[in-house]
Amino acid sequence: MTLHARIIGTGSYLPEKIVTNDDLAKIVDTTDSWIQERTGIKQRHIVADDEFTVDLAEHASRRAIEAAGIDASEIDLIVLATTTADQVFPSTACLLQSRLGCQGGPAFDIQAVCTGFVYALSVAEKFVATGTSKKALVVGAETFSRILDWTDRNTCVLFGDGAGAVVLEASEEPGILSTHLHANGDYSKLLHVPSGVSNNLAAVQEGRAYVEMEGSDVFKMAVKKMGEVVIEALDANNLAKSDVDWLVPHQANQRIIAATAKKLGMTMDKVVLTVAEHGNTSAASIPLALDAAVRQNRIKAGETILIEAFGGGFTWGSALIRY
Ligand code: COA
């Protein structure tokens, strides 16, 4: 019997506070029309001062677990993608495990920035498809607002906070059909936060504790690599572009998304777009979009979904999913 990993529940959560483009125009030299024209973003959700990545992850996870119709105690693996872990250690996945009360199985974080959810899904899929885990919780959760320079209009208008989650179950039915992960660390300086733990002092002394980005170079590379990785996923499954029912892309920029849809010959009504409502939520953006489309009854059982992402590293990846 061949085992597969199937998605049996999705959930997501956005913090209450909404910051509009007009709000940002009061603190940096920008306009609503510039942001909308260049990115498609209208607003983003930002955490409260006492709200952390694990809080967002918990809300999204509880919703996914409820949608799956299981008890949290049945979860035997947590893989959590985040760039904005609450602590140096333990991992946010361990903090989440304690909140949910599903101790005992492995729980760990994955760091692949905006590609984090695709990486996490790929790792969890292998645990489930090999029979190592029966029910896995895969989460993307970010408080990106905490690593933004709110005086830098090049970056602060693009990102937001949020979380999304899926529950995977071992099944004889497919499932996640394939995943495709890539990285090229030669490009690390085009999109990065220079400070960290080991090299913290120098970067912080230089005042470089926030996201720095060469926007135009990132844009070009994102379009190129996401175009390649969606074709790679189709080829691996001998599927034609027309076999894809839904594109659920990383929600960074509507123009990048439109370029990938064009490459696939897909009309925009087959693309799940949520970037206008919450900006780029990094590892949370794909599960946020997936959950929105599922709850709106747009994505239906048996349909074929293509997810794809690009992020700091550079990292990029895709997955084909039979829902
Ligand atoms: N409001 C107004 N002007 C802004 C601005 C803002 N929020 N941010 C940047 N600008 C200005 C720049 O200062 C620059 O001005 P200059 O030409 O006087 O130096 C100009 O706009 C840049 O214009 P342009 O290069 O035409 O912008 P763009 O079409 O490349 O759009 C981004 C800029 C950042 C929106 C775009 O490059 C992008 O989306 N890049 C990818 C970012 C991303 O998705 N990162 C995460 C990947 S996971």
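Since we're looking at a predicted model, the values are computed, not measured.

Side note on unusual backbone geometry
Thought 1: For the bond from P174 to G175, the omega torsion is -15 degrees, close enough to zero to count as cis.
Thought 2: Structurally, G175 is set in the loop between β7 (161–171) and β8 (176–183).
Thought 3: Residues G313 and F314 are joined by a peptide bond in cis, for which omega reads -10 degrees.
Thought 4: Looking at the secondary structure, you find F314 in the loop between β12 (304–311) and β13 (315–322).
Thought 5: Phi at S282 takes a positive value of approximately 55 degrees, unusual for a residue other than glycine.
Thought 6: Residue placement: S282 occurs in the loop between α10 (275–278) and α11 (285–295).
Thought 7: For S282, a relative accessible area of 0% puts it in the buried group.
Thought 8: Despite not being glycine, N297 shows a phi value in the positive range, around 60 degrees.
Thought 9: Assignment of secondary structure puts N297 in the loop between α11 and β12.

Considering the sheet that holds strand β1 (residues 4–13)
The strands that make up a sheet are held in pairs by hydrogen bonds between backbone atoms, and each pair lies either parallel or antiparallel.
Thought 1: Spatially, 5 strands are ordered β1-β7-β6-β4-β5 in an open sheet, and the strand pairing comes out mixed. Where the open sheet ends on each side, the last strands, each with one partner, are β1 and β5 (107–110). Sheet twist, expressed as the average angle between the axes of neighbouring strands with direction ignored, equals 20 degrees.
Thought 2: Two strands pair when backbone bridges link them, and β1 and β7 are joined in this way by 9 bridges, in the antiparallel orientation. Note on β7: the bridge partner recorded for T10 is V166.
Thought 3: Sheet strands touched by α11: β1, β6 (135–143) and β7. Its angle to β1, the strand with the most contacts, is close to 90 degrees.

So, the environment of V211
Thought 1: The residue V211 is located in the loop between α7 (200–205) and β10 (212–213) in this model.
Thought 2: For the pair V211 and C156, spaced 55 residues apart in sequence, the C-alpha separation works out to 8.7 Å.
Thought 3: Look past the residues within four positions of V211 in its chain and what remains in contact with it is F144, I147, L148, D152, T155, F159, L191, H192 and V193.

Comments concerning the sheet that holds strand β11 (residues 246–249)
Thought 1: If you trace the 4 strands from one edge of the open sheet to the other, you get β8-β13-β12-β11, paired in mixed fashion. Bordering the open sheet on either side are β8 and β11, each of which pairs with just one other strand. Along the sheet, successive strands turn relative to each other by an average axial angle of 10 degrees, direction set aside.
Thought 2: When β12 meets β13, the two strands line up antiparallel, connected through 8 bridges. Opposite E308, over in β13, you have S318 as the bridge partner.
Thought 3: Contacting β8, β12 and β13, helix α5 (residues 116–129) crosses the sheet at an angle of about 130 degrees to β8.

A look at the domain arrangement of the protein
Thought 1: Once the domains are mapped, the protein shows domain 1 (4–172) and domain 2 (178–322).
Thought 2: For domain 1 versus domain 2, the separation of C-alpha centres amounts to 14 Å.
Thought 3: Regarding the contact of domain 1 and domain 2, the summed buried area is about 3,400 Å², with carbon and sulfur atoms giving 65% of it.
Thought 4: At the junction of domain 1 and domain 2, the tally comes to 0 salt bridges.
Thought 5: Where domain 1 meets domain 2, there are 23 residue pairs in polar contact (both at pLDDT 80 or more).
Thought 6: For the side of domain 1 that touches domain 2, the secondary structure elements donating two or more residues are β1, α2 (32–39), β3 (43–46), α3 (53–68), α5, β6, α6 (153–156) and β7.
Thought 7: Among the elements that line the side of domain 1 that touches domain 2, the one with the most residues is α5, at 7 residues.
Thought 8: Its residues assigned to classes, the side of domain 1 that touches domain 2 shows 23 nonpolar, 18 polar and 11 charged.

Digging into the site of the ligand
Thought 1: Lining the immediate environment of the ligand, one finds 22 residues, of which T30, R38, R153, G215 and N253 sit closest.
Thought 2: Interatomic distance of 2.6 Å between a side-chain N/O atom of T30 and a nitrogen atom of the ligand.
Thought 3: Coverage of the ligand by the protein amounts to 71% of the 960 Å² it exposes when considered alone.
Thought 4: Looking at the shell around the ligand, the elements with two or more residues in it are α2, α6, α8 (215–236), α9 (254–263) and β12.
Thought 5: Split by residue class, the shell around the ligand holds 9 nonpolar, 9 polar and 4 charged.
Thought 6: Shared between two domains, the shell around the ligand holds at least three residues of each, these being domain 1 (4–172) and domain 2 (178–322).

Focus on the nonpolar core
Thought 1: Counting 35 residues, the largest nonpolar core has L121, L168, V248, I299, I305 and I307 as the members making the most contacts within it.
Thought 2: When residues are assigned to domains, this core turns out to be shared by domain 1 (4–172) and domain 2 (178–322), each giving three or more.
Thought 3: Apart from residues lying up to four places away in sequence, L121 is in contact with V138, V166, L168, I176, I307, A319 and I321.
Thought 4: If you look at the next biggest cluster of nonpolar residues, it comprises 27 residues, including V28, V113, V229 and I256.

Here's the deal with α8
Thought 1: The end-to-end C-alpha separation of α8 is 31 Å, in line with the 32 Å expected for 22 residues at 1.5 Å each.
Thought 2: Every buried residue belonging to α8 is among V218, M221, A222, K225, M226, G227, V229, V230, A233 and L234, and all of these are buried.
Thought 3: Buried residues along α8 sit in contact with β8, β9 (191–192), β10, α9, β12 and β13.
Thought 4: Among the residues trailing α8, N238 stands out with phi positive, at a value near 50 degrees.

The rules behind each value
Chains are numbered independently. Their residues run from 1 in the order of the written sequence. Restriction of local features to residues with pLDDT of at least 70 applies here, the model being predicted, together with a cutoff of 80 or more for giving and counting side-chain atom pairs; totals for whole chains, interfaces and linings are based on all residues. Computation of side-chain values covers all heavy atoms of the structure but excludes hydrogens and water. Note on conventions: DSSP H or I runs of at least 4 residues are helices, E runs of at least 2 residues are strands, and numbering of each starts at the N terminus. Under the scheme applied here, a residue whose accessible area is under 20% of the maximum for its type counts as buried, over 50% as exposed, and between as partly exposed, the area being computed with a 1.4 Å probe on protein chains only. In this scheme, strands are said to pair when DSSP sees at least two bridges between them. In this description, a line fitted to the C-alpha atoms serves as the axis of each element, helices being fitted only across the stretch in contact, and the angle between N-to-C directions of two axes falls anywhere from 0 to 180 degrees. The contact criterion used is simple: two residues touch if any of their non-hydrogen atoms lie within 4.5 Å. Annotation comment: domain bounds sourced from an automatic or database domain assignment. Buried area is calculated as the accessible area (1.4 Å probe) missing from two parts once they are joined, with the contributions of both summed. Here, a salt bridge means any side-chain nitrogen of Lys or Arg that lies within 4 Å of a carboxyl oxygen of Asp or Glu. Counted as a polar contact is a pair of N or O atoms within 3.5 Å, where, for protein atoms, one must be capable of donating a hydrogen and the other of accepting one, and residues adjacent in sequence contribute only when both atoms are in side chains. Lys, Arg, Asp and Glu make up the charged group, whereas Ala, Val, Leu, Ile, Met, Phe, Trp, Tyr, Cys and Pro make up the nonpolar group; the residues left over, Gly among them, are polar. A single heavy atom is enough: if one lies within 4 Å of a molecule or strand, its residue is considered near that molecule or strand. Here the open area of atoms and residues is found with the Shrake-Rupley method and a 1.4 Å probe, where only the protein chains shown may cover a residue. We define a nonpolar core as any set of buried Ala, Val, Leu, Ile, Met, Phe, Trp, Tyr and Cys residues linked to one another through side-chain atoms lying within 4.5 Å. Expected helix span is computed as 1.5 Å times (number of residues minus one).

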